[in-house]
Amino acid sequence: MHSPSCFHKVFCKKEQLLEEKQVSKLSRKIPTKAERYFATGLSMITSQSQKGPNIMTAEWVIQVSYNPIIIAVFIHKESETFKNIQKTKEFGINVASQGQTSEVSVAGGYSRTEVDKIKIKNIFKIIKPRKIKTPLIGGCIINAECKLIKKEKIGDHFMLVGKVLDIKYDDSKSPLIYHRGRYFGLDSTVEPDRKEVNVSKEMLNFFKNMANGKFVLKCVGVLVKSKNKILVIRWSESIETIPFSIPPAGISQRDYLIKYLNQSKLDFQVDVEPIMKRIILKNGKDIQRINFVLYKGKIKKSTYRILWKSYNEDNIISVLV
Ligand SMILES: Cc1cc2nc3c(=O)[nH]c(=O)nc-3n(C[C@H](O)[C@H](O)[C@H](O)COP(=O)(O)O)c2cc1C
């Protein structure tokens, strides 16, 4: 027979085990150090069981294919959501918008084993799905209906890969960002670090024509310096630049430059180490972004179209050298 104290010990141990199990259910591996420094979005994953729909928060959600649209979510196996998706082979991805901090806190702070989250008053707005049986959540920036196509254990989580059967987005919303355990909004944009260069209308149009509407014009060019001068070629009465060309995507920029120089009967020896210059040409409000991949070069033979220019004679050249 158990003495009362022995019974108490057994009871306490049982209770402790139960508590530990529940903690692991809820918290998965609690982030501690480096992982907290990622910035992620937050999604609410909806799933369906015989008891009704469920919702959990997941930060590890990412689109992995454009066509077809495929999204992977990484979920710990103790969650009710994981069990539901295993059974039904479908789930909803509801990417949280900036106003949905209560929704993600509740969906991520409790398990369905503790409370029927979706039924809590005044938190979640349920919307009807079109292609799956699992409901979706209103007020999100993206709602996607997914069919499970792959499941794989990766470390201490499972990757659940969903083919998107239906997806919609709300242009008027902005996403909720998660970083170091806190919520953020996209309140400011960061301007890319490009050197601004004021140029004449002719020069801007010269590059704009080449860009033909491209956001960034990618050029490859050669820098040949001699004393404080740089070698340029003349394109027209008013346009002189370093020798450069616009390589097609996917091929070696240096090889293309060498071919271009050879074709233009410009005989150079070209370095192997690339230099990157990212600039933005401006004339009033009109702009063109340009990336120059540059190689230092030496001239082997003098040819008819080349000229030498001082660095400070030309705005573009002064930032390229
Ligand atoms: C901000 C936040 C992000 C989370 N991200 C994930 C995640 O990416 N993957 C995961 O398995 N659990 C994640 N969780 C934990 C689950 O949301 C939590 O375990 C939830 O209680 C599971 O609910 P369920 O048991 O009802 O499915 C996150 C929680 C929070 C608060």
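Described below are features of the structure shown in this document. The residue count restarts for each chain, going from 1 along the sequence in the order it is written. Reporting of local features is limited, given that this is a predicted model, to residues whose pLDDT is at least 70; pairs of side-chain atoms are given and counted only at 80 or more, and all residues count toward the totals for whole chains, interfaces and linings. Computation of side-chain values covers all heavy atoms of the structure but excludes hydrogens and water.

### Details of the sheet that holds strand β11 (residues 177-179)
A pair of strands is labelled paired if DSSP reports no fewer than 2 bridges between them. Under the scheme used here, helices are H or I runs from DSSP no shorter than 4 residues and strands are E runs no shorter than 2 residues, and both carry numbers assigned from the N terminus. The strand order across the open sheet built from three strands is β1-β11-β12, with neighbouring strands paired in antiparallel fashion. With one partner strand each, in any of the chains shown, β1 (39-41) and β12 (182-184) form the two edges of the open sheet. Between one strand and the next, the sheet's axes are offset by a mean angle of 35°, whatever the strand orientation. Pairing of β1 with β11 involves three bridges; the strand directions are antiparallel. Counterpart to T40 in the pairing with β11 is Y178. Only the contacting stretch of a helix is used when fitting its axis, a line to C-alpha atoms as for every element, and angles between N-to-C directions run 0 to 180 degrees.

### Some details on the nonpolar core
Where a protein is soluble and globular, its nonpolar side chains tend to be buried together. In terms of nonpolar packing, the biggest core is built from 24 residues, with F207, L281, F292 and I316 touching the most fellow members. Looking at this core, the elements with two or more residues in it are α4 (201-211), β14 (216-223), β16 (229-234), β20 (275-283), β21 (286-301) and α6 (315-320). The leading source of residues in this core is α4, at five residues. Setting aside chain neighbours within four positions, we find I316 in contact with V197, V199, M203, F207, I279 and L281. The set of buried Ala, Val, Leu, Ile, Met, Phe, Trp, Tyr and Cys residues whose side-chain atoms join them within 4.5 Å is what this entry labels a nonpolar core. Relative accessibility decides the category of a residue: with a 1.4 Å probe and only protein chains considered, values under 20% of the type maximum give buried, values over 50% give exposed, and everything between is partly exposed. Core analysis: the next-biggest nonpolar cluster, separate from the first, contains 18 residues, I75, I85, C146 and V164 among them. In what follows, residue pairs with any heavy atoms lying within 4.5 Å of each other are defined as contacts.

### Considering α4
Residues of α4 that are buried include every one of M203, L204, F206, F207 and A211, and no others. The arc that holds the buried residues of α4, viewed along the axis, is 155°, so those residues lie on one side. Opposite the buried face of α4, at more than 90 degrees from it, the exposed residues are K201 and N209. The first or second residue beyond α4 is N212, which carries a positive phi of 50°. Regarding the arc, it is the one traced by the directions from the helix axis to the C-beta atoms.

### Some details on the packing of aromatic side chains
Aromatic ring pairs are defined here through the distance separating the ring centres and the angle between the ring planes. The aromatic pairing rule takes the rings of Phe, Tyr and Trp, using the six-membered ring of Trp, and pairs them if the centres are within 6.5 Å, calling planes under 30 degrees apart stacked, those over 60 edge-to-face and the rest tilted. All chains considered together, the criterion is met by nine aromatic pairs. With a centroid separation of 4.7 Å and an interplanar angle of 40°, the aromatic rings of F82 and F158 are classed as tilted. Of this pair, F82 sits in helix α2 (residues 80-88) while F158 is found in strand β10 (residues 157-169), placing the two residues 76 residues apart along the sequence. Take F82: its relative accessible area is 4%, and that puts it in the buried class. A centroid spacing of 5.9 Å and a plane angle of 80° characterise the contact between F244 and F292, whose relative ring orientation is edge-to-face. One end of the pair, F244, is in strand β18 (residues 244-245); the other, F292, is in strand β21, with 48 residues separating them in the sequence. With relative accessibility at 1%, the residue F244 sits in the buried group. The buried category is assigned to F292, whose relative accessible area is 2%. In this structure an aromatic cluster arises from ring pairing among F206, F207, W235, F244 and F292.

### Some points on the pattern of salt bridges
We define a salt bridge as a contact between a side-chain nitrogen of Lys or Arg and a carboxyl oxygen of Asp or Glu at a distance within 4 Å. With the rule as written, the count across this model stands at 13 salt bridges. Put simply, K51 and E80 hold a salt bridge, and the shortest N to O gap is 4.0 Å. With K51 in the loop between β2 (43-49) and β3 (52-58) and E80 in helix α2, this residue pair connects regions lying 29 residues apart in the sequence. Judged by relative accessible area, K51 falls into the exposed class, the value being 54%. Among the residues examined, E80 registers a relative accessible area of 13% and is labelled buried. Residues E240 and K309 are paired through a salt bridge, measuring 3.0 Å at the closest nitrogen-oxygen approach. Of the two residues, E240 is situated in strand β17 (residues 240-241) and K309 in strand β22 (residues 306-310); the sequence distance between them amounts to 69 residues. Like K309, E240 is buried. One salt-bridge network, in which partners are shared between bridges, spans R234, E240, K309 and D314.

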